[in-house]
Amino acid sequence: MNSQPNSPPAHAAPAVAAIDLEAFLTHQPGWQSTAEGAEPAIQKTWRFADFRAAMAFADQVAALAERLNHHPTLTVGWGRCTVRWSTHDAGGLTARDFDAARQTDLLNPGPNALPNPEGAGA
């Protein structure tokens, strides 16, 4: 148990520096810096022709999250799925989030994925 009341748990990964975040965003198209409450996060939205295709992609992300034992915030709506990675135990972003985002990009969004006009997603 930690003796510091506001420190992250001992098993938490260290948060990354702002320069690491900038490098990630430069090399991973479509990902954006955001926040989940006060915690920094990264997110990307994929667009789809319908709700069913968006849910199928969300299911792939869920399976990936289980394999990684690291779980994103998923927001699914008609024709879209947003994936937001952050490490709550560390109070922000860690290398685990960047790795999970890279692996998310390797998933196959399927034949009903649409190009995103902002460049984010499929």
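What you see is a predicted model, and the numbers here were worked out from it, not measured in a lab.

Student: I would appreciate a short explanation of the packing of aromatic side chains in the present structure.
Tutor: Each aromatic ring pair is summarised here by two numbers: the centre-to-centre distance and the angle between the ring planes. In this structure the tally under the stated criterion is five aromatic pairs. Measuring from centroid to centroid gives 4.8 Å for tryptophan 46 and phenylalanine 57, while their planes differ by 40 degrees, and the two rings are tilted. Separated by eleven residues along the polypeptide, tryptophan 46 in strand S2 (residues 39-48) and phenylalanine 57 in helix H2 (residues 51-68) bring together distant segments of the chain. You'll find tryptophan 46 and phenylalanine 57 in the same group, each marked buried. Here the aromatic cluster, defined as three or more aromatic residues joined through ring pairs, consists of Phe24, Trp31, Trp46, Phe48, Phe57 and Phe98.

Student: Any chance you could explain the pattern of salt bridges here in plain terms?
Tutor: Pairs can form between side chains of opposite charge once their charged atoms are near each other. Counted by the stated rule, this structure contains one salt bridge. Between lysine 44 and aspartate 105 there is a salt bridge; the shortest N-O distance is 2.7 Å. One end of the pair, lysine 44, is in strand S2; the other, aspartate 105, is in helix H3 (residues 95-105), with 61 residues separating them in the sequence.

Calculation criteria
- The numbers attached to residues start from 1 for each chain and follow its sequence in the written order.
- Local features in this predicted model are restricted to residues whose pLDDT is 70 or higher, and side-chain atom pairs enter the listing and the counts only when it is 80 or higher, whereas totals over whole chains, interfaces and linings include all residues.
- Side-chain measures were taken over the full set of non-hydrogen atoms in the model, leaving aside hydrogen atoms and water.
- Ring pairs are drawn from Phe, Tyr and Trp, using the six-membered ring of Trp, whenever the two centres fall within 6.5 Å, and their geometry is named by plane angle: stacked under 30 degrees, edge-to-face over 60, tilted for the rest.
- Each helix is a run of H or I in the DSSP string that is no shorter than four residues. Each strand is a run of E no shorter than two, and both are numbered from the N terminus.
- We call a residue buried when its accessible area falls under 20% of the maximum for its residue type, exposed when it is over 50%, and partly exposed in between, using a 1.4 Å probe and counting protein chains only.
- In the sections that follow, a salt bridge refers to a side-chain nitrogen of Lys or Arg positioned within 4 Å of a carboxyl oxygen of Asp or Glu.

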